[in-house]
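# Geometric and topological summary
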Amino acid sequence: MPRLNEPAPEFEARTTHGPKKLSDYRGRWLILFSHPSDFTPVCTTEFIGFARAYDRFQELNCDLIGLSIDSVFSHLAWIDSIRKNFGVEIPFPIIDDLSMRVAHAYGMIQPGASDTSAVRATFVIDPEGRLRAMAYYPMSNGRRVEEFLRLLEALQTSDRHKVATPEAWRPGEDVIVPPPATVAAGRERLADDSCNCTDWYFCTKPLDEASEAVETETAGALA
């Protein structure tokens, strides 16, 4: 099974956009998501959702790639069906994984679900090729694409500004400042009027101010 913050399993596979491998996406974020089967209703709604959000993912420097244990010919026919029946173009590649090599490498085949179908697994991979988040859904229930956009923005914000984000955080909302590491820093934090502190360990700030606070503390620690 893949593990968070470790290199995502390398793959090289046939797709609807030609041969693709994980290293092709180096320098960009990637969301790899599996679905149980082509020509199924729940999967169709998910692919329509990802396709409609594609430009928003691109603006966040993120590519998408789907996967199921079907042939590329099945994928192509399904893509054409979605275009004809729903008026939606699928702009991202879909992996042909008849061998199940990629599915097994990423733990997409779950005991008790199916021996030949991938569950609804989603993996967020950063520009360095590290696995940063993963989520598994049962075959019966579709994912919410909006949540993966939100998660992607939260991950990028945490990386860029060295902050954490609270439950349901959206851009423009306050972020969580990392807890102070010393008694003195904790007292200073509680006395800081620019922080919204519930207790010494739980303080929030607007993003710009939080970034400045982290930079100041980091500089002090290095001095």
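So, how was this worked out
Residues numbered from 1 in each chain as written. Predicted model: local features only at pLDDT ≥ 70, side-chain atom pairs only at ≥ 80, totals over all residues. Heavy atoms only, no water. Buried < 20%, exposed > 50% of the residue type's maximum accessible area, 1.4 Å probe, protein only. Helix = DSSP H or I, 4+ residues; strand = E, 2+ residues; numbered from the N terminus. Pairing = 2+ DSSP bridges. Expected span 1.5 Å × (residues − 1). Arc of directions from axis to C-beta. Contact = heavy atoms within 4.5 Å.

### Thoughts on the pairing of strand E3 (residues 29–34)
- Burial analysis of E3 places 6 of its 6 residues in the buried class, the great majority of the element.
- Summarising the sheet, E3 and strand E6 (residues 120–125) pair through 4 bridges and their orientation is antiparallel. Pairing of Ile31 across the sheet is with Val124, part of E6.

### A word on helix H3 (residues 72–86)
- The terminal C-alpha atoms of H3, which comprises 15 residues, lie 21 Å apart, in line with the 21 Å expected from a rise of 1.5 Å per residue.
- Where H3 is concerned, the buried positions are Val72, Ser74, His75, Trp78, Ile79 and Ile82. Along the axis of H3, the buried residues cluster in a sector spanning 155°; they form a single face. Exposed side of H3, more than 90 degrees from the buried face: Phe73, Lys84 and Asn85 are the residues found there.
- The elements touched by buried residues of H3 are strand E1 (12–15), helix H1 (41–52), strand E4 (62–68) and strand E5 (94–96).
- Once H3 finishes, Gly87 follows within two positions and takes phi at roughly 70°, a positive value.

### Some words on the environment of Val124
- Within the secondary structure, Val124 is located in strand E6.
- Note on Val124: relative accessible area 2%, which makes it buried.
- For the pair Val124 and Leu4, spaced 120 residues apart in sequence, the C-alpha separation works out to 9.6 Å.
- With residues near it in sequence (within four places) discarded, Val124 still touches Trp29, Leu30, Ile31, Arg130, Leu131, Arg132, Ala133, Leu151, Leu152 and Leu155.

### Things to note about the sheet that holds strand E10 (residues 202–205)
- Strand order in this open sheet of 3 strands is E8-E10-E9, and the pairing throughout is antiparallel. Both edges of this open sheet fall to strand E8 (175–176) and strand E9 (196–199), since each of them pairs with a single strand only.
- The sheet contact formed by E8 and E10 spans 2 bridges and is antiparallel. Its bridge partner being in E10, Val175 is matched across the sheet by Lys205.

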